Amino acid sequence: MPTPRSFSQSGPLTGAITVPGDKSISHRALMLSALAVGESIIEGLLEGEDVLATAAAMRAMGADIQKRGERWHVRGVGVGGLLQPTTALEMGNSGTSTRLLMGLVASHPITVTFTGDASLSKRPMGRVIEPLATMGADITASPGGRLPLMVRGICPAVPIEYRLPVASAQVKSAILLAGLNTPGITRVIEPVATRDHSERMLAGFGADLTVAIDSDGVRTISLVGEAELKPQNLTIPGDPSSAAFFVVAALLVPGSVVTIRNVGMNPTRTGLIKVLRTMGANIISKDRQVVGGELVEHLVVTHSALTGVTVPPEDAPSMIDEYPILFVAAALAQGRTTMRGLGELRVKESDRITVMAQALRAIDARVEELPDGLVIDGTGGELLKGGATVAARLDHRIAMSMAVAGLVSTNPVNIDDIAPVATSFPGFEAMLAGLAQR
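Description of the structure in this document. (Residues numbered from 1 in each chain as written. Predicted model: local features only at pLDDT ≥ 70, side-chain atom pairs only at ≥ 80, totals over all residues. Heavy atoms only, no water.)

A look at the environment of Leu251
Turning to step 1, where the next piece is worked out: Its location among the elements puts Leu251 in helix H7 (residues 240–252).
Turning to step 2, where the next piece is worked out: When the C-alpha atoms of Leu251 and Leu306 are compared, they prove to be 8.2 Å apart, with 55 residues separating the residues in sequence.
Turning to step 3, where the next piece is worked out: Setting aside anything within four residues of it in sequence, one finds Leu251 in contact with Leu276, Ala281, Asn282, Ile283, Val301, Thr302, His303 and Ser304. (Helix = DSSP H or I, 4+ residues; strand = E, 2+ residues; numbered from the N terminus. Contact = heavy atoms within 4.5 Å.)

Below, the structure written as structure tokens:
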């Protein structure tokens with residue numbers, strides 16, 4: 001059943017918060033721990049529905065995964081040791097779970113059926129199917145390369161050298177995960193850098209992995225197969241994509257000063273912070289440290305007058321999940337913000353370009369939709385009109401972005417269904433309300 005919710009104009013947001021663990025890192029921590037020989041311990045794991053779907057899938061393929069207190073204990077089966085699950089793996093709304101697990105299964109001698117909810121079942125999987133099929137996996141998908149689909153893994157798989165046709169950390173990661181149980185060297189050539197959590201974590205678990213960068217910035221990631229992964233003790237940093245909603249809320253609501261603790265600041269994930277600072281945002285970084293190979297900082301965010309900018313298309317991979325909330329920031333900036341090169345947003349949980357354009361227009365923002373992005377003429381800090389019900393389209397980032405828009409609207413913004421937020425950020429509403437009450 002849908003869970004409608006209304007978000008209204010807010011007074012200053014003040015206080016300090018810690019957002020949940022990084023979703024991308026949480027998925028990978030569970031998968032690699034499940035392939036290590038021995039017990040890994042994970043602290044700060046995101047306990048959203050997407051990550052729990054990954055945990056359930058790894059259990060179904062033989063890993064022992066238990067939560068004890070605030071820690072997760074994972075006893076792995078070893079690379080090559082995945083077992084045949086007895087039922088289909090239900091992925092819910094998680095595209096990351098699906099694509100990365102397809103890679104894992106592709107080089108194991110098991111057959112796995114993947115299913116998902118209505119939103120996930122609309123998302124194309126062809127970009128993952130192509131390289132995995134080249135490695136020898138037999139993949140039968142629904143029309144359009146969609147779920148439900150079946151992966152018949154092969155062992156030994158064939159190592160490949162694959163040049164990514166589109167910037168996609170999920171495709172890169174799926175190939176590398178397939179390469180773990182593939183004899184020889186699997187190479188992925190990445191013309192445009194994407195988030196590198198897989199490379200960092202694979203190396204941390206003991207995989208023989210190297211990254212070479214040529215004079216044009218093209219990255220070649222090489223992984224030696226038939227790896228033996230060693231168990232790790234991991235601490236997951238706060239998710240910068242989750243922190244983004246509070247960063248923008250604090251920037252837009254007058255009088256706000258919010259500290260967000262222990263945010264992952266991996267250089268491949270900081271595009272939004274860079275763009276917001278260019279727009280005039282007062283965001284101060286404090287207490288920088290390295291945790292588990294990932295850069296972590298506290299962010300102190302103060303209400304700021306923002307100015308529209310043209311966002312370089314090449315920045316898109318480093319902030320692709322943050323564009324919906326950037327659209328909200330642009331709607332209240334002074335002047336015009338142009339954002340292009342965002343075709344990838346059309347194949348996320350929803351078509352985030354069209355859905356956000358419709359939602360912002362409904363609350364009286366001035367938005368022009370382009371084939372690959374949006375042009376937004378901001379209010380110069382004046383409140384949006386609000387007073388409309390917007391459709392989240394089963395997309396957690398749409399719902400959270402429009403919740404923030406409600407804080408800076410004269411009339412309430414009604415969201416038809418807030419339930420999808422639980423996939424990535426359980427506790428989002430409570431955290432937002434807590435800052436406003438202070």
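Re the nonpolar core
A general trend in soluble globular proteins is that nonpolar side chains are found buried together.
Turning to step 1, where the next piece is worked out: Core analysis: the largest hydrophobic core is formed by 80 residues, its most contacted members being Leu276, Tyr323, Leu326 and Met402.
Turning to step 2, where the next piece is worked out: The leading source of residues in this core is H7, at 10 residues.
Turning to step 3, where the next piece is worked out: If we skip the residues at most four places from it in the chain, Met402 touches Met356, Ala359, Leu360, Ile363, Val390, Val413 and Ile415.
Turning to step 4, where the next piece is worked out: Leu35, Leu89, Leu100 and Ile175 belong to the second-largest nonpolar core, a separate cluster that totals 66 residues. (Core = buried A, V, L, I, M, F, W, Y, C linked by side-chain atoms within 4.5 Å. Buried < 20%, exposed > 50% of the residue type's maximum accessible area, 1.4 Å probe, protein only.)

So, the sheet that holds strand E5 (residues 71–75)
Turning to step 1, where the next piece is worked out: Taken in spatial order, the 4 strands of this open sheet run E4-E5-E3-E14, and their pairing is mixed. The sheet is open, and its two edges are formed by strand E4 (64–68) and strand E14 (233–235), each paired on a single side. Strand-to-strand twist of the sheet, defined as the mean angle between neighbouring strand axes without regard to direction, takes the value 20 degrees.
Turning to step 2, where the next piece is worked out: Each of strand E3 (39–43), E4, E5 and E14 touches helix H1 (residues 23–35); the most contacted strand, E3, lies at about 165 degrees to it. (Pairing = 2+ DSSP bridges. Axes fitted to C-alpha atoms, helices over the stretch in contact; angles between N-to-C directions.)

Focus: the packing of H7 against helix H11 (residues 396–407)
Turning to step 1, where the next piece is worked out: At a closest axis distance of 9 Å, the pairing of H7 and H11 adopts a crossing angle of 15 degrees. In terms of orientation, H7 lies roughly parallel with respect to H11. Here H7 and H11 pass one another in a crossing that is right-handed. Contact with H7, carried on its side by Ser241, Phe245, Val248 and Ala249, involves Arg397, Met400, Ser401, Val404 and Leu407 of H11 and no other residues of that element.
Turning to step 2, where the next piece is worked out: Here the contact of H7 with H11 is built from residues that sort into 6 nonpolar, 2 polar and 1 charged. (Parallel < 35°, antiparallel > 145°, perpendicular 65-115°, else oblique. Left-handed = near helix turned anticlockwise from the far one by under 90°. Nonpolar A, V, L, I, M, F, W, Y, C, P; charged D, E, K, R; others polar.)

These values are about where atoms sit, not about what they do.
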